[in-house]
Amino acid sequence: MTSARDSSARDSAAQEAAAQEAAERTARALAETVRRLQAAAARAHAEARTRAAVDLATGILAERLGLPVAEAAAHLARLARESGVPVLALAADIAGLPEPEPGQEPEPGTRAGPGPSGFGRPAAEPPEAGLPVAPALAAATDLEHAAGAVLDQAAAALGVRAVAVWQRLPGGALALAAHAGLSAEETAGWSRVPPGVPTPAQLAVGGGAELWPGEPGADGPSPGGPGARAVVPLLDRRRRRGALELLWPATGPDSAPVLGPAQRRVLYALADLCTTLLGPPPEPVAPEQADALLDGLLTPALLLAPAVRAERIADFTVLRVNARFRDPLGRPREALEGASLLETYPVACAAGLLDRLLRAYETGMPSTPERVRLAFREHGPAVPVAVLLSVVPLGSRVLLCWQLDDEREEDEQVALLRQAQRLARVAGFEERPAEGGIRWSDGLRELYGLPPDAPPVPLERLVRHTHPDDRPAIRRLLDTVRHHHRTASAVVRLDRPDGTHRFTRVIAEPVVDETGRLVAVRGAYHDVSAQHWTEVALGATRERLADSEQESAERAQLALRLQQAILPAAPPPLAVTGLHAAVRYRPAAQRDRVGGDWYDVLVLPDRRVLLAVGDVAGHGVGAATGMVALRHALRGLAVTGAGPGRLLAWANTVALREPGQVTATAVCVLVDPVGGELCWARAGHLPPIRLGADGAQVLPLPHGVLLGALDDAEYEERTARLDPGDVLLLYTDGLVERRDRPVEESVEQLLRAAGAPGPDLEQYLDRLLELSPADTDDDTCLIAVQTE
């Protein structure tokens, strides 16, 4: 019995203990519930106070600044982030409310619900009037909070089912910084989007415009699957920091929502709010590291900083230039550092350089190196330069790398040009009167007989180094160039310190700016002593024959011998250029009618080939000496690398200054054997003829008057192409001129009778001379060049 009672007592005690423990658990659970409810009530109370203060401050800003409510809310959030003050404290200060006590700010990560009237707009307001904007969104402390607030409001007003906030990473990738309405699997799979994936957000961040539902590109791959999308870039002073993406449910192919202007403005404001929550962009390279990186680069580079004006990037400032950078206009580094890029390179910026910099700075994407042609101008015409260009954004700075294309090849070309100028005894100069600067090329000091370290002689002091009889000609040259702004030339005798003198042709041309003001004088010295002594010998010969009964015959014989001495019997070897050439000269039938027809074939330092044919008006020694002057001038000036139009302009200047007023026709062709391109100009001469597989073609006639006719004559250039096996034919009018028909008919008849050139150019030229329909008994020159 005792044992049974003891057992019953123990059971009763255990039951009481269990009941007491259950009661204590219940009490603890109730207490925890009460505390949770109290905390929720406190948060709701704080959020209500937050909504009231932020709503009031938003309304005040909207009224005072004349902004829509959405933009006023974004402006309040931006002010708080920039000043480092909590939104609630700033809102209370604007609204004149007591400063909130610590702890009254909403906790990070909590989501404030909308107030009774949304973002201060009546709930019954139609969607076209704008998307409601909650005051709590302006007080959002993180992106997740902001994404949730956007979704809460946009879901009710526009039917949005999800929101994604993308942040651009260095290198061009996108990170899913915040989201609302997406599943865990979707956010895990789309946490990072590599560069190059054509998602709608990448298209917007990569430099495109915002995307709206139904537009091309808005239906690209993206989290959330099928459905309409709107993507708005997150802009921070034009820098694309990321994108705000809103997703609608997939309800049909033609069910994309239509967003009015007011709704789009609100989405822009929401994007601005998200931009403020991203914080300042990270600097991938510290300023001191950027300087070290610039100095360590093996390519020429500039370090730039954006110049912001009226909240827009209008220019870039050159912060640093590394030692390898070479200014295309020759300015020192000190003149570039600290200067405006637009002011330093205005023409290049207008040609696309500024757009490339803005695109890289805004998108954060470096540009791959590409060859572009930029133009640079300090005074006078713009100078085009081929540049290998790349742009790399470095946080708030931009690294611009450029290298003049084929600098090594250009250096080799310069060396060849200098050698050719030395052999042709041609030297150049440039003077800038306003700056007092003078530049001489190699060989000019040797021509003057000066030591290598002697300072250059200004053009105005040339009279001190010439024969007294030549000083009037120098004064006329200076007056023509400086006051009339026209090209001029003169042949003078340079007196050298050793007592000798050199006969030199000085050619000078003015360089003027847009206002017509003279900014520079450029030109060349050409040592024509050998030509002068030839002319002296010819003059002496003419004097000895003046009283002779055989003067006419001897003069004709002299002219013929001079022509035969000057004109080579065969062209120079062109095998190295891949061309084949043949030439013919047929003198006039009457020996006393030796004319001034001439030809020239010359391989230039850059491996192009100069072809020239001309006809000096008249006959006899006068025509022959005029031919000598023009031919020598073209040969000497061709090594400068000038085009055929410029060469003929210089030859025109020479013809105007020659005794007896020489007039002549000429055609000048530059052939590039590598690509087959040819460029030609003419001075009143018959055009070249191209003979190819498709037959004979007379090339078009560029504009150009005969040499020696006008002071300021200009000569138009034309281009064409020679295919392999094509033949280019140059000739004088003695081949086709007839008194009874136009020259065009004679040319057509001759080409038809002669047929195709065939592989032997020598036989073809002989056939042309044999079949020539000309009846004027004039002398004739022929040049034929065939490509391999």
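Treat the numbers as computed from the prediction; the structure is a model and nothing was measured.

**Overview of the sheet that holds strand E3 (residues 192-193)**
Turning to step 1, where the next piece is worked out: Strand order in this open sheet of 5 strands is E3-E2-E1-E5-E4, and the pairing throughout is antiparallel. The open sheet has two edge strands with one neighbour each: E3 and strand E4 (229-236).
Turning to step 2, where the next piece is worked out: The sheet contact formed by strand E1 (residues 162-168) and strand E2 (residues 174-180) spans 6 bridges and is antiparallel. Residue pairing across strands places Ala-164 opposite His-179, the latter belonging to E2.
Turning to step 3, where the next piece is worked out: Packed onto the sheet, helix H5 (residues 143-158) meets E1, E2 and strand E5 (239-247) and runs at close to 55° relative to E2.
Turning to step 4, where the next piece is worked out: Lying over the sheet, helix H8 (residues 261-278) contacts E1, E4 and E5, oriented at roughly 50° with respect to E4.

**Things to note about the packing of aromatic side chains**
Turning to step 1, where the next piece is worked out: For the coordinates displayed, the defined rule picks out 7 aromatic pairs.
Turning to step 2, where the next piece is worked out: A centroid spacing of 5.1 Å and a plane angle of 25° characterise the contact between Trp-440 and Tyr-448, whose relative ring orientation is stacked. Comparing Trp-440 with Tyr-448 shows no difference in burial state: the two are buried.
Turning to step 3, where the next piece is worked out: Within the aromatic cluster, the residues linked to one another by ring pairs are Phe-429, Trp-440, Tyr-448 and Tyr-525.

**Thoughts on the pairing of strand E11 (residues 426-432)**
Turning to step 1, where the next piece is worked out: Counted residue by residue, E11 has 6 buried out of 7 residues, so it is predominantly covered.
Turning to step 2, where the next piece is worked out: As consecutive antiparallel partners, E11 and strand E12 (residues 437-440) are separated by 4 residues, and within that stretch Gly-436 has a phi angle of approximately 75°, a positive value.

**With respect to the pattern of salt bridges**
Turning to step 1, where the next piece is worked out: For the structure shown, the criterion picks out 33 salt bridges.
Turning to step 2, where the next piece is worked out: As a salt-bridge pair, Asp-527 and Arg-425 come within 2.8 Å of each other at their nearest N and O atoms. Of this pair, Asp-527 sits in strand E15 (residues 518-527) while Arg-425 sits in the loop between helix H13 (407-424) and E11, placing them 102 residues apart in sequence.
Turning to step 3, where the next piece is worked out: By relative accessible area, which is 11% here, Asp-527 ends up buried.
Turning to step 4, where the next piece is worked out: Across the pair Asp-766 and Arg-584 runs a salt bridge whose closest N-O atoms are separated by 2.8 Å. Taken together, the positions of Asp-766 in helix H21 (residues 761-770) and Arg-584 in strand E16 (residues 579-586) put the pair 182 residues apart, joining distant regions of the chain.

**A word on H5**
Turning to step 1, where the next piece is worked out: With 16 residues, H5 extends 21 Å from end C-alpha to end C-alpha; this agrees with the ideal 22 Å at 1.5 Å per step.
Turning to step 2, where the next piece is worked out: Where H5 is concerned, the buried positions are Leu-143, His-145, Ala-146, Ala-147, Gly-148, Ala-149, Val-150, Leu-151, Gln-153, Ala-154 and Leu-158.
Turning to step 3, where the next piece is worked out: Following H5 by one or two positions, Gly-159 adopts a phi angle in the positive range, close to 80°.

**Concerning the environment of Thr-199**
Turning to step 1, where the next piece is worked out: Its location among the elements puts Thr-199 in the loop between E3 and helix H7 (200-205).
Turning to step 2, where the next piece is worked out: Placed 22 residues apart in sequence, Thr-199 and Pro-221 show a C-alpha to C-alpha distance of 5.2 Å.
Turning to step 3, where the next piece is worked out: The contact partners of Thr-199, leaving out residues within four places of it in the chain, are Trp-190, Val-193 and Pro-221.

**Here's the deal with the pairing of strand E14 (residues 501-512)**
Turning to step 1, where the next piece is worked out: Among the 12 residues in E14, 9 count as buried, and that is most of the element.
Turning to step 2, where the next piece is worked out: Inspection of the sheet shows strand E13 (residues 488-495) paired to E14 by 8 bridges, in the antiparallel sense. Looking at E14, one finds that Ala-488 is bridged to Ala-508.
Turning to step 3, where the next piece is worked out: Counting the residues that bridge the hairpin from E13 to E14 gives 5 residues, and of these Gly-499 lies at a positive phi of roughly 95°.
Turning to step 4, where the next piece is worked out: In this sheet, E15 lies alongside E14 in antiparallel orientation, the contact comprising 9 bridges. Its bridge partner being in E15, Arg-505 is matched across the sheet by His-526.
Turning to step 5, where the next piece is worked out: Taking the residues between adjacent antiparallel strands as the criterion, E14 and E15 are bridged by 5 residues, where Gly-516 takes a positive phi near 85°.

**Notes on the packing of H5 against H8**
Helix packing geometry: the angle between the two helix axes and the distance between the axes.
Turning to step 1, where the next piece is worked out: Following both chains from N to C, one finds H5 and H8 inclined at 165°, their axes separated by 10 Å at the closest point. One element, H5, and the other, H8, form an angle in the roughly antiparallel class. With respect to the hand of their crossing, H5 and H8 are arranged in left-handed fashion. From H5, Leu-143, Ala-146, Val-150 and Leu-158 reach across to H8, where they touch Gln-263, Leu-270, Cys-274, Leu-277 and Leu-278.

**Some details on empty space enclosed by the protein**
Turning to step 1, where the next piece is worked out: Enumeration according to the criterion identifies 4 cavities of 30 Å³ or more in this entry.
Turning to step 2, where the next piece is worked out: Roughly 40 Å³ of volume is contained in the largest cavity.
Turning to step 3, where the next piece is worked out: Elements represented by at least two residues in the lining of the largest cavity include exactly strand E24 (727-731) and helix H20 (743-754).
Turning to step 4, where the next piece is worked out: Counting residues per element, the lining of the largest cavity draws most heavily on H20, at 3 residues.
Turning to step 5, where the next piece is worked out: For the lining of the largest cavity, the residue count by class is 9 nonpolar, no polar and no charged.

What counts, and where the lines are drawn
- Residues numbered from 1 in each chain as written.
- Predicted model: local features only at pLDDT ≥ 70, side-chain atom pairs only at ≥ 80, totals over all residues.
- Heavy atoms only, no water.
- Pairing = 2+ DSSP bridges.
- Helix = DSSP H or I, 4+ residues; strand = E, 2+ residues; numbered from the N terminus.
- Contact = heavy atoms within 4.5 Å.
- Axes fitted to C-alpha atoms, helices over the stretch in contact; angles between N-to-C directions.
- Phe/Tyr/Trp six-rings, centres within 6.5 Å; stacked < 30°, edge-to-face > 60°.
- Buried < 20%, exposed > 50% of the residue type's maximum accessible area, 1.4 Å probe, protein only.
- Salt bridge = Lys/Arg side-chain N within 4 Å of Asp/Glu carboxyl O.
- Expected span 1.5 Å × (residues − 1).
- Parallel < 35°, antiparallel > 145°, perpendicular 65-115°, else oblique.
- Left-handed = near helix turned anticlockwise from the far one by under 90°.
- 1 Å grid on protein atoms, 1.4 Å probe; cavity = no way out; pocket = protein on both sides within 12 Å on 5 of 7 lines; lining within 4 Å.
- Points joined across faces, edges and corners; volume = space filled by probe spheres on them.
- Nonpolar A, V, L, I, M, F, W, Y, C, P; charged D, E, K, R; others polar.

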